[in-house]
Amino acid sequence: MATILAQALRSTLPAWLQTKQVKQMETRIINPWQWQDQLSYVQAVEVIQPVGTLYVSGQAAVHADGHSSTDDMQTQLLLAIQNLEQVISEAGYECKNIVRLTIYTTSHEEFWPNFPIFQNWIAKHEIKQATTLLEVKSLNETLKVELEATVVK
């Protein structure tokens, strides 16, 4: 029955729609300099022919039960990364396609010693993203770091 229904649907679609192929998203990296490579980001990313765009709210060290972490920066950064990965994955996207990442921290002094954690995560997923790091006066409750992303496919 399903086969008959599928054939009937195909026969009612215009020919151009039946043969239309979805183009794969492409990106072009713009780096007039090389110094940003040491900091694991790029100056700009052009997205050509995206199939979809995912705008991810800031992900922080909030546990599945909704409680904010009171742990140190390293622990909070790891949980924020884990939460970001989960949202991206559940939306059907991949971390490697992050094109924009904003990092909010309440203390750059606490964040910088943990920057290698962030860099290793970027390298693991081969992410080439435009990034902005901002120190803010406060985040929700006891949070120290928050990651906001734009992902394409």
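Residues numbered from 1 in each chain as written. Predicted model: local features only at pLDDT ≥ 70, side-chain atom pairs only at ≥ 80, totals over all residues. Heavy atoms only, no water.

## Here we look at the overall build of the protein chain
The secondary structure content of the protein chain amounts to five helices and six strands. Counting from the amino terminus, the protein chain carries its helices and strands in the arrangement α-α-β-β-β-α-β-α-α-β-β. Sorting the 153 residues of the protein chain into buried and exposed places 35% on the buried side. With the model as given, the accessible surface of the protein chain reaches about 9700 Å², and the carbon-plus-sulfur share is 52%. (Helix = DSSP H or I, 4+ residues; strand = E, 2+ residues; numbered from the N terminus. Buried < 20%, exposed > 50% of the residue type's maximum accessible area, 1.4 Å probe, protein only. Areas by Shrake-Rupley, 256 points an atom, 1.4 Å probe, with all protein chains shown as cover.)

## Considerations on the nonpolar core
The biggest cluster of nonpolar side chains holds 24 residues, and the ones touching the most others in it are Leu 84, Ile 88, Ile 98, Leu 101, Trp 121 and Val 151. Contributions of two or more residues to this core are made by β3 (53-60), α3 (73-90), β4 (98-105), α5 (115-125) and β6 (145-152). The biggest single contributor to this core is α3, with six residues. Residues Ala 60, Leu 79, Tyr 104 and Leu 143 belong to the second largest nonpolar core, which totals six residues. (Core = buried A, V, L, I, M, F, W, Y, C linked by side-chain atoms within 4.5 Å.)

## Notes on the pattern of salt bridges
According to the stated counting rule, one finds three salt bridges in the structure shown. Among the salt bridges present, the one from Glu 94 reaches Lys 96, with a minimum N-O distance of 3.8 Å. Notably, a salt bridge pairs Lys 144 with Glu 110, separated by 3.3 Å at the nearest N-O pair. Linking Lys 144 in the loop between β5 (130-135) and β6 with Glu 110 in helix α4 (residues 108-111), this pair joins segments that are 34 residues apart in sequence. (Salt bridge = Lys/Arg side-chain N within 4 Å of Asp/Glu carboxyl O.)

## Comments concerning the environment of Ala 80
With respect to the helices, strands and loops of the structure, Ala 80 is situated in helix α3. On a C-alpha basis, the gap between Ala 80 and His 63 in space is 9.4 Å, while along the polypeptide they are 17 residues apart. Contact partners of Ala 80, with chain neighbours within four places excluded, come to Gln 59, Ala 60, Ala 61, Val 145 and Leu 147. (Contact = heavy atoms within 4.5 Å.)

## Some words on the side chain of Gln 76
Along the chain, Gln 76 turns up in helix α3. Among the polar contacts made by the side chain of Gln 76, one reaches the main-chain carbonyl oxygen of Asp 71 at a distance of 3.1 Å. Beyond its immediate chain neighbours, meaning those up to four positions away, Gln 76 contacts Ala 61, Ser 69, Thr 70, Asp 71, Thr 142, Leu 143, Lys 144 and Val 145. (Polar contact = N/O pair within 3.5 Å; in protein donor to acceptor, adjacent residues only side chain to side chain.)

## Focus on the side chain of Ser 40
Among the secondary structure elements, Ser 40 is positioned in the loop between β1 (26-30) and β2 (44-48). Note on Ser 40: relative accessible area 16%, which makes it buried. Within the local environment of Ser 40, its side chain forms a polar contact with the side chain of Gln 119, the two groups lying 3.1 Å apart. Non-local contacts of Ser 40, meaning those with residues more than four positions away in its chain, are made with Gln 119, Ile 122 and Gln 129.

## Overview of the packing of aromatic side chains
Within this structure, the stated rule accounts for seven aromatic pairs. Centroid distance Trp 33 to Trp 35: 6.3 Å. Interplanar angle 25°. Geometry classified as stacked. When its relative accessible area of 45% is taken as the criterion, Trp 35 is described as partly exposed. When the ring of Phe 111 is compared with that of Trp 112, the centres are 6.0 Å apart and the planes differ by 65°; the resulting orientation is edge-to-face. (Phe/Tyr/Trp six-rings, centres within 6.5 Å; stacked < 30°, edge-to-face > 60°.)

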